[in-house]
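Coordinate analysis (summary)
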Amino acid sequence: MEETYTAKRAVSMEDIVRAHHVLREVIVRTPLQRDAVLSAKYDCEVYLKREDLQVVRSFKIRGAYNMIRSLSEEERSNGIVCASAGNHAQGVAFSCNALNINGKIYMPSTTPNQKVKQVKRFGGGSVEVILTGDTFDDAYAEAIKACDEYGMTFIHPFDEAKIIAGNGTIGMEVMEELDTPADYMFVTIGGGGLAAGVATYVKTVSPTTQVIGVEPLGAASMIESKKQGEVVTMHEIDKFVDGAAVKRVGQLTYDICCELVDDIVTVPEGKACTTILELYNENAIVVEPAGSLAVAALDMNRDRIRGKTVVCIISGGNNDIDRMQEIKERSLIYEGLKHYFMINFPQRAGALREFLEEVLGPDDDIARFEYTKKHNKEDGPALVGIELLRPEDYGPLVERMQRKGLDYTELNKNMNLFNLLI
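Looking at an unreviewed UniProt entry, one finds the protein chain named L-threonine dehydratase and attributed to Paenibacillus lautus. Checking UniProt for the protein chain, the heading Catalytic activity (unreviewed entry) contains the comment "L-threonine = 2-oxobutanoate + NH4(+)". Taken from UniProt, the Cofactor (unreviewed entry) comment for the protein chain reads in full: "pyridoxal 5'-phosphate".

Printed below as a string of C-alpha cells:
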C-alpha cells in the first residue's frame, strides 16, 4: 500500500537498526524476563522488558544518545539544551558527559529530588541544571528561549525522528529474543516517543502483534488528541505520573501512533500506585509511576490477554523513596481501603469513646485524627482517616455512623474538600 503521510517515512526499521549499532557504545541490552507471578495472575505468558535496569534506569538514553551522537561538529561545539521531567534529562546528561558536550537541562520544579541529583551525577561538569515552572511544558518554553539566546541545539524528549528511532531499539531487542512474536505489547505513552518507536519496529516485523499504548488517566493527552483529530494542548493534567504527564504530545509521535498503535488505554493514578507496591512486594522490582503503567494496564485487559503472550515495557525505575508514603496513600484510597471524614462529634463527654466502641469495626483502624480548630476544639469538627482491611467494610461503617446519628462528610467523595484538607 502506498505511504500517504510523512510521519511513517520519517522513521523506518532501517533507522532503528542503525540506531541500535550506535547505542552499543553506551547502553546495556536490558533483559526480557518472563514474570511467573503476573503470568499466573492473568493466565497468560507475561514478559517484562526491564528498561529500569538501563544505565540511567530508564529507556530515555536510547533516544537521547542516538540524537546527540548524530549532531555535526559545529552543533556539538555550540552545546545542547533539553527540557525534561527527569528521565530524558538523565539520558541527555549521560550523553553530554560521554561525548564531552556542554548542555543546559531545564526541569520542572516539581521533579523529584532524586531525579535532579541523578541528572547532575550523570552529567558531571558537562551540564547545568535549571529548575523552572511546574510542568514539562513550562520547562520546555524556557529551554526554547535558551536555544534562541545561546544558539544551542534543542534535544526534544520525544518529537524527533532520531529520538523515536533510538527508542524503537527496545522493540527490536524484544522481537529478537522471543521465540514467537508477542500477541500484545503494552507501552507507556507520555509524549509518545517510546510508543512510536516500538510500534514502528514491531509492526514492521510482526503486523499481527497488538501494540497497546498506556496513558495516566489524569494526563491522557494522546487519547484526547485522537478524539479531536489533531494534536491538542490539555489545559489541566494530574502531574503525579511525572514521567508521562505531558500536556501536549508531539506531532510526529501523534501521526505515528495514530497509524501504528492499535489501542490506547488509561490507568488511574491510584492503580499505578497499587502496581508500584505489588511489583516491589511480589517481584522485588522498583519502578517509577510511569514505569508501572504497562503492568497496571493488564488488570483492565485481563479478558483479551488470557492465554496470550504479552510484553510489558518497564520504562523506568527512577522512583524517589520520599514519595513512597504518598504512593501508599493513593493506592489505599484507590483500592477503597482508606477513607477520610469530617465528623462533628456530639458535644458531651464520652462521644469519642462511643465512636471507637460502637462505630469502628473490629478490623477498622484510625490512621489520622485531628481537630480542625487549634482553640475551642469542642466547637469544631474533627478530620478522621480510617483504614479498612477490606473494601466491603466501608458500607457497614457508614451504616453504623448513620445509625449513631453522626453529622459527617465523606471527603473521598468531595474532591474540593479532599484536596484542601488531605
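**Overview of the sheet that holds strand 11 (residues 338–344)**
Here we have four strands laid out as an open sheet, ordered 12-13-11-14, and antiparallel in their pairing. Two strands close off the open sheet at either side, each with one partner strand: strand 12 (365–371) and strand 14 (407–410). Pairs of neighbouring strands in the sheet enclose a mean axial angle of 25°, with direction left out of account. Of the pairings in the sheet, the one linking strand 12 to strand 13 (residues 382–387) comprises six bridges and is antiparallel in character. Paired with Ile366 across the strands is Ile386, a residue of strand 13. Those strands touched by helix 16 (residues 324–334) are strand 11 and strand 13, and its axis lies near 80° from that of strand 11.

**Some thoughts on the sheet that holds strand 6 (residues 153–154)**
Taken in spatial order, the four strands of this open sheet run 5-4-3-6, and their pairing is parallel. If you trace the sheet from one side to the other, it starts and ends with strand 5 (127–131) and strand 6, each paired once. Of the strand pairs in this sheet, strand 4 (residues 103–107) and strand 5 are connected by five bridges, and their pairing is parallel. Bridge pairing in strand 5 places Ile105 opposite Val129. Helix 6 (residues 87–99) rests against strand 3 (80–83), strand 4 and strand 5 of the sheet, and its axis sits at about 165° to strand 3.

**Things to note about the pairing of strand 8 (residues 210–216)**
With six of seven residues buried, strand 8 lies mostly within the body of the structure. Relative to strand 8, strand 7 (residues 184–188) runs parallel, the two being bridged by five bridges. For Phe186, the partnering residue across the bridge sits in strand 8 and is Ile212. Since strand 7 and strand 8 lie parallel, the crossover through helix 10 (residues 193–205) that links them has a hand, and here it is right-handed.

Reading guide: rules and limits
Residues numbered from 1 in each chain as written. Predicted model: local features only at pLDDT ≥ 70, side-chain atom pairs only at ≥ 80, totals over all residues. Heavy atoms only, no water. UniProt positions renumbered as here; feature names shortened; annotations may be inferred. Pairing = 2+ DSSP bridges. Helix = DSSP H or I, 4+ residues; strand = E, 2+ residues; numbered from the N terminus. Axes fitted to C-alpha atoms, helices over the stretch in contact; angles between N-to-C directions. Contact = heavy atoms within 4.5 Å. Buried < 20%, exposed > 50% of the residue type's maximum accessible area, 1.4 Å probe, protein only. Right-handed = clockwise from strand over helix to strand, strands pointing away.

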